[in-house]
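Chain by chain, the residues:
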Amino acid sequence: MKIAAVEVVVTSPGRNFVTLRITTEDGITGLGDATLNGRELAVEAYLREHVVPLLIGRDASAIEDTWQYLYRGAYWRRGPVTMAAIAAVDTALWDIKARAAGMPLYQLLGGACRVGALAYGHASGRDLPELFDSIRLHLEFGFRAIRVQTGIPGLDTVYGVAASAAGGGDRYDYEPARAGVLPVEESWDTRAYLRHVPSVFEAVRAEFGPSLPLLHDGHHRMTPIEAARLGKALEPYDLFWLEDATPGEDQAALRLIRQHTTTPLAIGEVFNSIHDYTTLLSERLIDYVRSAVTHTGGVTALKKVLDFAAVYGVKSGMHGPTDISPVGMAAALHLDLAVHNFGIQEYMPHTAETLEVFRTSHTFVDGLLHPSDSPGLGVELDLDAAGRFPYRAAYLPVNRLADGTLHDW
């Protein structure tokens, strides 16, 4: 089953996506997501100029060998651009293999361990009434777990909070990179954040009770001791997890946080290799792996990360906002069903425009996601629709402190 054609498709139905489409000599087509939010064209060029020429004529069924060939053969290993490109190839080849077998991908990964994947939704608000309304809307939609993000007194803009000033007053629950020549600059005040967030969770618990799983994303904004302080302050409110409390590059920082709080910790959405996790997993410094199939080398690589995590009792919590295309989300859902150490799946429904381009078959019922039993990933790419939405430059925002210092976000 030789590879006959490879296409790189860039489209922007509301936001930018990069998709790899591989076709075999006998006409079987597979899809892979290569979207890197705010740096999409870097991955497009990597694929088009350096990867596509290597694939023509290769055996589409040799997935592990192809993964190693692309990873080892380039000499320059890892990094988000390289690993997103490899992920797209790997996922497309798994899609082809499952389509050829006439099975949904999760069956080839060992079969289902559960009937569906528990998903959490993103609720946010500039103040408590707006936040409460957002939580109620998500519960009405069917979510049984909620991520809570809040505006901060004194700050006009907080990333991840709908309808903040940087969104022009419009809701931007989908957290897109915003179109423009330069990134939007947002202000930040960590001390104000640390003072305010515990009171928000106290109010949410008082309004919605003790049983609703609540999550919170720190967006890498804290130092280790600040994160330890927040984790300790949030313990009375029984969080499902505190995510990205501090920049993940310094794995040893998680040791300090772990020493001071029992709030579960999740990290890894900016990681792209198993080597980013070795200390965190072997020392049990985190509770959930946040990587996405799209950014971590594909199904092959992320399953190895999760199998390694399982040895240490660490669960999955895969990244899944709308900068993961429906192709990447489908790949995540198949892994969610197949791995034993599943924890929870992030889920932001894609826009109607996006679903014109990507025809999906997954379902969301009573808080659970299922990828469907269609052969392969269960996603089809409409090339004509993709052509109606050309690429447009867009960037994620950056943060500055009051003194003008750039800050992690």
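See the structure above.
Note that the structure is a prediction, hence the values are computed from the model and not measured.

Rules behind the numbers
- Here the residue numbering is sequential within each chain, running from 1 through the sequence in written order.
- For a predicted model such as this one, the threshold for reporting local features is a pLDDT of at least 70, and the threshold for listing and counting side-chain atom pairs is 80 or more; totals across whole chains, interfaces and linings nevertheless cover every residue.
- The basis for the side-chain values is all heavy atoms of the structure; hydrogens and waters are excluded.
- Stacked, edge-to-face and tilted labels apply to pairs of Phe, Tyr and Trp rings (six-membered ring for Trp) whose centres lie within 6.5 Å, assigned for plane angles under 30 degrees, over 60, and everything in between, in that order.
- A ring has a charge above it when a Lys NZ or an Arg CZ is no more than 6 Å from the ring centre and no more than 35 degrees off the ring normal.
- For helices the rule is a DSSP run of H or I covering at least 4 residues; for strands it is a run of E covering at least 2, with both sets numbered from the N terminus onward.
- Grouping buried Ala, Val, Leu, Ile, Met, Phe, Trp, Tyr and Cys residues that are joined through side-chain atoms within 4.5 Å yields what is termed a nonpolar core.
- Throughout, exposure labels follow a simple rule: accessible area from a 1.4 Å probe, protein chains only, divided by the maximum for the residue type, with under 20% read as buried, over 50% as exposed, and the rest as partly exposed.
- The split into domains, and so the bounds of each, comes from an automatic or database assignment of domains.
- Residue contacts are defined here by distance: any two heavy atoms, one from each residue, within 4.5 Å place the two residues in contact.
- Note on pairing: two strands pair once DSSP finds at least 2 bridges between them.
- Salt bridges are defined as contacts in which a side-chain nitrogen from Lys or Arg sits within 4 Å of a carboxyl oxygen from Asp or Glu.

Turning next to the packing of aromatic side chains. Inspection of the entire model under this criterion finds 16 aromatic pairs. Each member of the aromatic cluster is reached from another via a ring pair, and the members are Y120, F240, W241 and Y288. It is R58 that lies over the ring of Y69; its NZ or CZ is 4.2 Å from the centre. If you follow R221 out to its NZ or CZ, it ends over the ring of W188, 4.0 Å from the centre.

So, about the environment of G142. Looking at the secondary structure, you find G142 in the loop between helix 5 (128-141) and strand 5 (146-150). Remark: the alpha-carbon pair of G142 and R72, spanning 70 residues in sequence, is separated by 44 Å.

The nonpolar side chains of a soluble globular protein tend to be buried, and buried together. In terms of nonpolar packing, the biggest core is built from 120 residues, with I22 and L47 touching the most fellow members. A domain-level breakdown of this core finds at least three residues from each of domain 1 (2-104) and domain 2 (109-373). For I22, the residues in contact, after removing those within four places along its chain, are I3, A5, V6, I28, T29, G30, L55, V89, A92, L93 and I96.

Attention shifts here to the sheet that holds strand 19 (residues 398-400). Strand order in the open sheet formed by three strands is 7-19-20, and the pairing between neighbours is mixed. Looking at strand neighbours, the two that pair on one side only are strand 7 (185-187) and strand 20 (406-407), the edges of this open sheet. Two strands pair when backbone bridges link them, and strand 19 and strand 20 are joined in this way by two bridges, in the antiparallel orientation. Its bridge partner being in strand 20, R400 is matched across the sheet by L406.

In the structure shown here, the tally under the stated rule is 22 salt bridges. Note that D276 and R78 form a salt bridge whose closest N and O atoms lie 3.0 Å from each other. Within this pair, whereas D276 is found in the loop between strand 10 (265-267) and helix 9 (278-282), its partner R78 is found in the loop between helix 2 (63-73) and helix 3 (80-101), the two being separated by 198 residues in sequence. Of the residues examined, D276 reaches a relative accessible area of 15% and is grouped as buried.

Just distances and angles here, no functional claims.
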